[in-house]
Amino acid sequence: IFANEIFDPTTERNGTTGLVRDPFPGNIIPFSRLNPISLAIQKLIPAAQNANTTGNYAGYDLGQRVTSIPSLKLDHLIGARGQHLSFYWSTTKTDSQFNLPNGGADGLPDIISGARCACIHSLAERINYDHALKPTILLHFGAGYQRLFFLDTPPYTSFNAQTQIGMPGFLVNNYFPTVASTYLATAPQAIGGMQAMGAAQAHTNSSQEKPSFNANVTYIRGSHSYVAGGEVYFQGTTFAPPSGVGTNFGTNGGATGLPVALNGLNGQNVGFGYANFLLGDANTVSQNAIVNYRLGKSQWAGFAQDTWRVTRNITLDYGLRWDYGTYPKEQYGRTADFAPNVANPQAGGILGATIFEATCKCSFAKNYPWAFGPRLGLAWHAAPKWVV
């Protein structure tokens, strides 16, 4: 047995020491055995730039980030009775297709690149209305809306696996599949392979929306300044990653190894991950389901407060605030949890199964209704240069 010897998986049989295989003559896979899909993918890999076994290609990506931040502010005084209307709008768009480390830029051609765009688009809008009913009474109403998109798309978004590499069965044809690394560089076995390609199963494509509303009234009477009001916001978050396909051929052993020696021979390996790839013999192939996961929650609050000027040099603040927040729930009850006392039909009825809020008709958490926050403050002008 030689280090990095490639064995033919079709010759597997029972030998005197266990399962055995025959090596490919000359350690060369016949061309007729090469998988057509693997060959189609290999054509997309750039050619080596030198004769080195590893590190023989230096690619580059143009790293740049472009951000636009337009905004608009409008104010309008209505009549002569203290009515004020204001509006604000702003959006921020940041796009950076190639960046490191979080963006995964790797210098490979766009079609097989693992790069993910750091594309963040946000919007903020708010409108406020203030009305002085009397010199001592002020009403305020406000509403706002926030939206945030995180689009981590690859640089190439029109990939068709069926027509471009002959690989059928994709639920959605837009991204090159994730192909895990077959690169073996463990000394003294630096025999090469190929780094990971594609990022079809790494994308999230999430968005968040948050409308909000608030209102309060201020009433001044004598030495007291009373304020009472409330606020509420609703937050919805959507995760809609595209369905992606992923393959893993391993970095050693596996399909082209010798079964009785797959645990290694004093640190040496038999078989080769890239040979597995050329044979089209993957350890695993997976495909993400198409999802549109929708989390939502709300947050409510009310408060009342008085600022009392007790004397010319003593001011007392006191009040009470109440907050109530719901825990995030999936719109259609698709949140999952582990139930240790539920029989698992996938494991012969053994206790311990995954349950969903939609099917168990239950809630995985409770909302806490008693979040009261008292407030007390004292300001004392003790001396011309001393304030406590």
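Criteria and thresholds
- Residues numbered from 1 in each chain as written.
- Predicted model: local features only at pLDDT ≥ 70, side-chain atom pairs only at ≥ 80, totals over all residues.
- Heavy atoms only, no water.
- Core = buried A, V, L, I, M, F, W, Y, C linked by side-chain atoms within 4.5 Å.
- Buried < 20%, exposed > 50% of the residue type's maximum accessible area, 1.4 Å probe, protein only.
- Helix = DSSP H or I, 4+ residues; strand = E, 2+ residues; numbered from the N terminus.
- Contact = heavy atoms within 4.5 Å.
- 1 Å grid on protein atoms, 1.4 Å probe; cavity = no way out; pocket = protein on both sides within 12 Å on 5 of 7 lines; lining within 4 Å.
- Points joined across faces, edges and corners; volume = space filled by probe spheres on them.
- Nonpolar A, V, L, I, M, F, W, Y, C, P; charged D, E, K, R; others polar.
- pLDDT = per-residue confidence, 0-100.

Visitor: Looking at this structure, I do not really get the nonpolar core. What am I missing?
Guide: A general feature of soluble globular proteins is that nonpolar side chains tend to end up buried together. In terms of nonpolar packing, the biggest core is built from 28 residues, with Ile-29, Ile-112, Ile-165, Phe-176, Met-197 and Tyr-274 touching the most fellow members. Among the elements that line this core, the one with the most residues is helix α3 (residues 273–279), at 5 residues. Among all residues touching Phe-176, those that are not within four sequence positions of it are Ile-41, Leu-44, Ile-111, Ile-112, Phe-159, Met-197, Gly-198, Ala-199 and Ala-200.

Visitor: Before we go on, may I ask you to explain empty space enclosed by the protein in this structure?
Guide: If a probe as big as a water molecule is rolled over the atoms, it shows which places are left empty. This model, assessed by the stated rule, comprises 2 cavities of 30 Å³ or more. By volume, the largest cavity is sized at about 70 Å³. Lining the largest cavity are 13 residues, with Ile-111, Ser-113, Pro-154, Tyr-156 and Phe-176 positioned closest to its centre. Taken together, the residues that form the lining of the largest cavity break down as 9 nonpolar, 3 polar and 1 charged. Counted as a void, the second largest cavity has a volume near 40 Å³. In terms of lining, the second largest cavity is formed by Val-179, Ala-180, Thr-182, Met-194, Gln-195, Met-197, Tyr-274 and Phe-277. Partitioned by chemical class, the residues of the lining of the second largest cavity number 6 nonpolar, 2 polar and no charged.

Visitor: Got a minute to help me understand the confidence of the model for the chain in this structure?
Guide: Detailed reading of the predicted coordinates is not advisable wherever pLDDT falls low. Of all residues in the chain, 97% attain a pLDDT of 70 or more, and the chain-wide mean is 92. For the chain, the element scoring lowest by mean pLDDT is strand β2 (residues 18–20), at 86; strand β14 (residues 314–325) scores highest, at 98.

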